[in-house]
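# Coordinates in review
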Amino acid sequence: DDHHPRRRAAGRQASGRSEPVSRRLPVRMEPRPWGRAELPPPFIAPAGEVIGEVCFTPPPSLDSLLVKYIFTSAPLSVQVHPSDADAQVRGLGPRGKEECWLVIAAEPGARLGIGFTEDLSAEAMRAAALDGSIEQLLEWHPVAAGDFFYIPAGTVHAIGAGVSLIEVQQNADITWRLYDYGRPRELHLGDGIAVARGTAHDPALRRHVPERGSLNLVDGPHFRLDRLDGAPDAGVANAYAGPLLVIPLDASVLVDGEPVAPGECAAAPALDAVEWAGRCLIAQPCA
């Protein structure tokens, strides 16, 4: 799955010397029933595969964060993720999963379902999950490139068909499906409804990102995320101490002198290790 054969493992010896460590992260393409056989450039799906996610394996220094691209041709399940506390009490690890989405392309009619149009009790949510009406109870947002959403743990959500987006999330693989359009996959109504909020999504957690300019998208509690347009200003430099993830959007950047192109993700040891160009996302854990 490693698309960059020039990568070398840290500490590998060649002629008695350590070879340079690539800052580009290893790539993993994940087949999904709702994915696509044809991906937008620069991605190429393996022949015969329907790819829904392109994931970047984080380094140990940033292993609490995960970056992925998501491409849909059909709706994802209606699902929910636990908080840190909910994951810990169930023995599922130290982290739950909060995430955010930046839409990079959307077909006509594409939409995202986030939260509910009216308050639901746990009993009403379970009944709606069982009879399929939960899909109609979600608040569906028509989307276009540049739309941004933060999804707190416990928020019931679904990604519709025809969406391409970048997801930045806590690195926890805990997804509880409440409804899956009749696909033959397991549902998780007990755990999912126990943590799900039967409420609307806070409008303050969504916005449209203008085409140009630098701005902060997420400032905690679990991670920070900024969209840069060129080099970071003093405020960003003060916020981002230590290692960070760099996701170029429209031009290659250099990380420790290594080119990192759009469609790739790199781990930079610090902001000053990056030679900036075009627009990028940068992300870093808050603790």
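Residues numbered from 1 in each chain as written. Predicted model: local features only at pLDDT ≥ 70, side-chain atom pairs only at ≥ 80, totals over all residues. Heavy atoms only, no water.

### Structural notes on the nonpolar core
V54 and L225 are the most contacted members of the largest nonpolar core, which totals 32 residues. Here the element with the most residues in this core is strand β5 (residues 65-71); it accounts for four residues. Every residue in contact with V54, bar those within four places of it in the chain, is listed here: V27, R28, M29, F43, V67, K68, Y69 and F71. (Core = buried A, V, L, I, M, F, W, Y, C linked by side-chain atoms within 4.5 Å. Buried < 20%, exposed > 50% of the residue type's maximum accessible area, 1.4 Å probe, protein only. Helix = DSSP H or I, 4+ residues; strand = E, 2+ residues; numbered from the N terminus. Contact = heavy atoms within 4.5 Å.)

### Notes on the packing of aromatic side chains
Applying the stated criterion to the full structure yields six aromatic pairs. Ring geometry for Y69 and F71: centres 6.2 Å apart, planes at 15°, overall stacked. Of the two residues examined, Y69 and F71, each falls in the buried class. Summarising the aromatic geometry, the rings of Y150 and F223 are spaced 6.1 Å apart at their centres and angled 45° between planes, so their arrangement reads as tilted. Here Y150 is found in strand β10 (residues 147-151), whereas its partner F223 is found in strand β16 (residues 223-229), with 73 residues between them in sequence. A relative accessible area of 7% means that Y150 is categorised as buried. Relative accessible area serves as the criterion here: at 0%, F223 is assigned to the buried category. Clustering of aromatic rings is evident, with ring pairs tying together F43, F56, Y69 and F71. Directly above the ring of W140 sits R111, whose terminal nitrogen or CZ lies 4.0 Å from the centroid. (Phe/Tyr/Trp six-rings, centres within 6.5 Å; stacked < 30°, edge-to-face > 60°. Lys NZ or Arg CZ within 6 Å of the ring centre and 35° of its normal.)

### What to know about the pattern of salt bridges
Counted by the stated rule, this structure contains 16 salt bridges. Residues E30 and R32 are paired through a salt bridge, measuring 3.8 Å at the closest nitrogen-oxygen approach. E30 gets classed as buried once you look at its relative accessible area, which sits at 18%. Look at R32 and you get partly exposed, because its relative accessible area is 26%. Through salt bridges that share partners, R28, E30, R32, E53, K68 and E167 make up one connected network. (Salt bridge = Lys/Arg side-chain N within 4 Å of Asp/Glu carboxyl O.)

### Focus: the sheet that holds strand β22 (residues 279-285)
Hydrogen bonds between backbone atoms are what pair the strands of a sheet, whose relative direction is either parallel or antiparallel. A sheet is described by the order of its strands in space; here five strands give the open sequence β15-β16-β22-β17-β20, paired in antiparallel fashion. Lying at the two open borders of the sheet, with one neighbouring strand each, are β15 (215-219) and β20 (266-268). Neighbouring strand axes in the sheet, compared pairwise and without regard to direction, differ in orientation by 25° on average. Across four bridges, β15 lies against β16 in antiparallel orientation. (Pairing = 2+ DSSP bridges. Axes fitted to C-alpha atoms, helices over the stretch in contact; angles between N-to-C directions.)

### Quick word on the environment of R90
One can find R90 in the loop between α1 (84-89) and β7 (99-106). Considered as a pair, R90 and D147 are 57 residues apart in the sequence and their alpha carbons are 34 Å apart. Here R90 is in contact with W176, D191, A194 and V195, once residues within four sequence places are set aside.

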